[in-house]
Amino acid sequence: ARGVIVAVPATRAERIFRTLAPDVADLLARYHYDTVTRVALGYSAANRPEKVPSAPPSMDFAALYAAENRARVPEGGLLLQVALRLPLDKLGTDGVVSRLLAGRGWPQPDVVEVHDWATSDPLSITGPHGALHEINDHLPPGVQITGNCYQFEMLPGRTAAGRDAARAVIASLR
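Note that this is a predicted model, so its numbers are computed, not measured.

Cut-offs applied
Residue indices follow the written sequence of each chain, beginning from 1 at its first position. This being a predicted model, a pLDDT of at least 70 is required before a residue's local features are given, and a value of 80 or more before pairs of side-chain atoms are given or counted; all residues contribute to the totals for chains, interfaces and linings. Only hydrogens and water are set aside when side-chain values are computed; all heavy atoms of the structure are taken into account. Numbered from the N terminus, helices here are DSSP runs of H or I no shorter than four residues, and strands are runs of E no shorter than two. Throughout this description, buried means an accessible area under 20% of the type-specific maximum (1.4 Å probe, protein chains only), exposed means over 50%, and partly exposed covers the range between. Here, two residues are considered to be in contact whenever any of their heavy atoms come within 4.5 Å of each other. Using a 1.4 Å probe, accessible areas were evaluated by the Shrake-Rupley method; residue-level cover was limited to the displayed protein chains. The directions considered for the arc run from the helix axis to the C-beta atoms. The angle between two axes is taken between their N-to-C directions and runs from 0 to 180 degrees, where each axis is a line fitted to C-alpha atoms and a helix contributes only its stretch in contact. Here is the rule for angles: anything less than 35 degrees is roughly parallel, anything more than 145 is roughly antiparallel, 65 through 115 is roughly perpendicular, and the remaining ranges are oblique. Crossing handedness is read from the near helix: turned anticlockwise from the far helix by less than a right angle, it gives a left-handed crossing, and turned clockwise, a right-handed one. Ten residue types, Ala, Val, Leu, Ile, Met, Phe, Trp, Tyr, Cys and Pro, are classed as nonpolar, four, Asp, Glu, Lys and Arg, as charged, and the remainder, Gly among them, as polar. A pair is scored as a salt bridge if a Lys or Arg side-chain nitrogen falls within 4 Å of a carboxyl oxygen belonging to Asp or Glu. Any pair of Phe, Tyr and Trp rings, taking the six-membered ring for Trp, is counted once the centres come within 6.5 Å. Such a pair is stacked with planes under 30 degrees apart, edge-to-face with planes over 60 apart, and tilted for the rest. Geometrically, a charge over a ring is one whose NZ (Lys) or CZ (Arg) sits within 6 Å of the ring centre while staying within 35 degrees of the ring normal. Put simply, a nonpolar core is a bunch of buried Ala, Val, Leu, Ile, Met, Phe, Trp, Tyr and Cys residues held in one set by side-chain atoms that sit within 4.5 Å of each other. Confidence scores per residue from the predictor, reported as pLDDT, run from 0 to 100.

Asks: Help me out: how do you make sense of the overall build of the protein in this one?
Replies: If you tally the helices and strands in the protein, you get 5 helices and 6 strands. Secondary structure of the protein in N-to-C order comes out as β-α-α-β-β-β-α-β-α-β-α. For the protein, buried positions account for 36% of its 174 residues. Taking the contacts inside the protein whose residues are at least 6 apart along the sequence as the reference set, 68% of them involve residues at least 24 apart. Looking at the protein as shown, the accessible area adds up to about 10,200 Å², and 54% of this sits on carbon and sulfur atoms.

This is the structure in structure tokens:
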């Protein structure tokens, strides 16, 4: 292929570039993420917390979303989706959930789902333009890296970054 856009986490991209561009692979091997533990707490109408949080209450929280609409939960119920900076591999599911509930005074939920997200947010921000800029400077012609694991932006910014990557590849083919 004369043009390629790579949109996978750095750990996978590193393997792709190992023979194609070893210097890029080395940069990707040193790329780090903020791993978060994602917790979903489902409450029935009779069991839900009295106060529904509207924003993450502390730095331990990477994100907090409360869903009350009927398309997602039964009438009167509540779904809390929380991204925490607590180590699932060290605390375990029960440890993460008990710490979360105790710290907020929330009741035991009716349903719990917990897992970690190893490539949640990029931490490898070095230099004036971040690590992705440094990586892109070493890419072969016609190759670009993009994706949510390299940018902090929300969906519109990530979409624009994808378009920019496509435009750069197209320009290199001319």
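Moving on from the coordinates now.
Asks: Would you explain helix α1 (residues 10–20) in this entry?
Replies: Since the α-helix turns once every 3.6 residues, residues separated by three or four places project in the same direction. Among the residues making up α1, those that are buried are Ala 10, Ala 13, Glu 14 and Phe 17. End-on, the buried residues of α1 take up no more than an arc of 105 degrees, which puts them together on one face. Facing away from the buried side of α1 by more than 90 degrees, the exposed set consists of Arg 15 and Thr 19. Where α1 is buried, its residues contact β1 (4–6), α2 (22–29), β2 (33–43) and β6 (143–145).

Asks: How do you make sense of the packing of α1 against α2 when you look at a structure like this?
Replies: Helix-helix packing: each pair is described by the crossing angle between the helix axes and the interaxial distance. At a minimum axis separation of 7 Å, α1 and α2 run at an interaxial angle of 160 degrees. Taken together, the axes of α1 and α2 lie roughly antiparallel to each other. Crossing angle aside, the handedness with which α1 passes α2 is left-handed. For the pair α1 and α2, the contacting residues are Ala 10, Ala 13, Glu 14, Phe 17, Arg 18, Thr 19 and Leu 20 in the first and Pro 22, Val 24, Ala 25, Asp 26, Leu 28 and Ala 29 in the second. Across the contact of α1 with α2, the residue classes tally to 9 nonpolar, 1 polar and 3 charged.

Asks: Is there a simple way to think about the pattern of salt bridges in this case?
Replies: Here the idea is simple: oppositely charged side chains can pair when their charged atoms come close. Taken as a whole and assessed by the stated rule, the structure comprises 5 salt bridges. The salt bridge partner of Glu 75 is Arg 70, with a shortest N-O separation of 3.6 Å. Residue classification places Glu 75 among the exposed positions, given a relative accessible area of 59%. Asp 164 is paired through a salt bridge with Arg 167; the nearest N and O atoms lie 3.5 Å apart. Highlighted residues: Asp 164 and Arg 167, both in helix α5 (residues 155–173), separated by 3 residues, approximately one helical turn.

Asks: I keep staring at the packing of aromatic side chains and nothing clicks. Help me out?
Replies: The geometry of an aromatic ring pair comes down to the distance between the two centres and the angle between the two planes. Applying the stated criterion to the full structure yields 0 aromatic pairs. A cation over a ring is seen here: Arg 38 above Trp 117, with NZ or CZ 4.6 Å from the ring centre.

Asks: Sorry, what's going on with the nonpolar core here?
Replies: Generally speaking, a soluble globular protein has its nonpolar side chains buried in company with each other. Counting 18 residues, the largest nonpolar core has Phe 17, Val 24, Leu 28, Ile 135, Ile 145 and Tyr 150 as its most contacted members. At the level of secondary structure, the elements contributing two or more residues to this core comprise α1, α2, α4 (130–137) and β6. Per-element tally for this core: the top contributor is α2, with 4 residues. In this view, Ile 145 contacts Val 6, Phe 17, Val 24, Leu 28, Leu 132, Ile 135, Asn 136, Leu 139 and Tyr 150; residues no more than four positions away in its chain are not counted. Listed in part, the 17 residues of the second largest apolar core include Tyr 43, Phe 61, Leu 84 and Leu 101.

Asks: Where do I start with the side chain of Glu 14 in this structure?
Replies: Relative to the assigned elements, Glu 14 resides in helix α1. What Glu 14 contacts, discounting residues up to four positions off in sequence, is Ala 25, Leu 28 and Ala 29.

Asks: What is the right way to look at the confidence of the model for the protein in this model?
Replies: For any part of a model where pLDDT is low, the fine detail of the predicted coordinates should not be relied upon. When pLDDT is averaged along the protein, the result is 83; 86% of the residues meet or exceed 70. Taken element by element, the predicted model of the protein shows its lowest mean pLDDT in α4 (75) and its highest in β1 (94).

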